[in-house]
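The residues making up each chain are set out below.
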Amino acid sequence: MNKGFLDFMFITNNLEIAKVAQDTGVKRVWVDLEILGKEQRQPGMNTVKSGHTLEDVSAIRSVLTKSELLVRVNSLYEDSEQEINEVIDRGADMIMLPYFKTVDDVDRFLKIVRGRVKTTLLFESKESVENIDVILSHGGFDEAHIGLNDLHLSYGMTFMFELLSNGMVEAICNKFKAVGIPYGFGGIAKIGEGLLPAEKVIAEHYRLGSTRAILSRSFCDTQFNNDFNIWKREFQLGVNQIRLYESLLPMLPESYIQENIDDVKKGVDKVVEIIKTRGNAN
């Protein structure tokens, strides 16, 4: 089990929001350069397709004094070396490789980085999971994250948290744990929010030894409000509520954690049924 607090990550290229995230204790502010193939993998889905640029890396770097700067680059392509080198030159602390499939992909990525910054792998393709043992045996990277959006699509599932309820996330986490790689999975909404309530997911992070998670857009959704003071208040409140819940988890009986596993399975089944029913209606 994870005995500490989760390290939070938040995706933004907005300088003011980045400052808010930093001031509220977010470990990593995340600039997201990935565009290649994402729309094809997630057509019509309400997922983050950021449109961030290399210039955003420099801009966010300029305002971070405590939080780390994480940059997700594109999956490997002909200009990956140029892109990764520029990201490093612009001040990234850590680079994330998305949608890789083989150990050769990982080796190519690591050879480009050459240990100049920390690295994390985003396991989000079926092939990456099928090749996980050989990838972990080669090592050379610092952290790992399980990308539930693309991974559930890769397996033809309906809802991303099916990967949590069917035991796949647990199996992958156990492999990371066995080789001593810090890991996390997916993202979390505010307490009481989300198709699967955030507290159910957080309890699973605790049980599975996960130490990092992405905060969802709901923590600072500028689509509906552009008032800086409201952003800051809402962000801080959301983080504080999670921290309070996390502090209670070690004090709760083991039966609570076991019951939560059942609640997750029931909650996921309910969401899957709703999504399929809506799909059939259309």
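Computed from a prediction, not measured in an experiment: that's the story for all the values here.

A.B. asks: Where do I start with the overall build of the chain in this structure?
C.D. replies: Scanning the chain from terminus to terminus reveals 13 helices and eight strands. The C-alpha atoms of the chain give 18 Å as radius of gyration, which agrees with the globular expectation for 282 residues (19 Å, within 12%). Taking the principal axes of its C-alpha atoms as reference, the chain extends roughly 50 × 45 × 45 Å. Across the 282 residues in the chain, those meeting the buried criterion constitute 49%. If you take every contact in the chain between residues at least 6 apart in sequence, the share linking residues at least 24 apart comes to 71%. For the chain, the exposed area adds up to about 12900 Å²; of that, 50% sits on carbon and sulfur atoms. Taken together, the 33 basic and 41 acidic charged side chains of the chain have centroids lying 3 Å from each other.

A.B. asks: Can you help me understand the packing of aromatic side chains in this one?
C.D. replies: Within a pair of aromatic rings, the relevant descriptors are the distance that separates the centres and the angle that separates the planes. Overall, the coordinates contain six aromatic pairs when judged by the stated rule. Between F100 and F123 the ring centres are 5.0 Å apart and the planes differ by 80 degrees, which places this aromatic pair in the edge-to-face class. Separated by 23 residues along the polypeptide, F100 in the loop between β4 (94–97) and α5 (103–113) and F123 in strand β5 (residues 118–123) bring together distant segments of the chain. Considering the side-chain rings of F159 and F161, the 5.6 Å spacing of their centres and the 75 degrees angle between planes classify their relative orientation as edge-to-face. The exposure class of F161 is buried, given its relative accessible area of 5%. The rings of F100, F123, F176 and Y183 are connected pair by pair, giving a single aromatic cluster.

A.B. asks: Teacher, can you tell me more about the side chain of T120 here?
C.D. replies: With respect to the element layout, T120 can be found in strand β5. Exposure remark for T120: the relative accessible area of 3% places this residue in the buried category.

A.B. asks: I keep staring at a nonpolar patch on the surface and nothing clicks. Help me out?
C.D. replies: Together, L244, L248, M251 and L252 make up a nonpolar patch on the protein surface, roughly 390 Å² of accessible area in all. Relative to the helices and strands, L244 is located in helix α12 (residues 228–248). By relative accessible area, which is 53% here, L244 ends up exposed.

Thresholds applied
Residues numbered from 1 in each chain as written. Predicted model: local features only at pLDDT ≥ 70, side-chain atom pairs only at ≥ 80, totals over all residues. Heavy atoms only, no water. Helix = DSSP H or I, 4+ residues; strand = E, 2+ residues; numbered from the N terminus. Rg over C-alpha atoms; globule rule 2.2 N^0.38 Å. Buried < 20%, exposed > 50% of the residue type's maximum accessible area, 1.4 Å probe, protein only. Contact = heavy atoms within 4.5 Å. Areas by Shrake-Rupley, 256 points an atom, 1.4 Å probe, with all protein chains shown as cover. Lys, Arg positive; Asp, Glu negative; His and termini not counted. Charge placed at Lys NZ, Arg CZ, Asp CG, Glu CD. Phe/Tyr/Trp six-rings, centres within 6.5 Å; stacked < 30°, edge-to-face > 60°. Patch = residues over 30% accessible without salt bridge, like charges linked within 9 Å, V, L, I, M, F, W, Y side chains within 5 Å. Salt bridge = Lys/Arg side-chain N within 4 Å of Asp/Glu carboxyl O.

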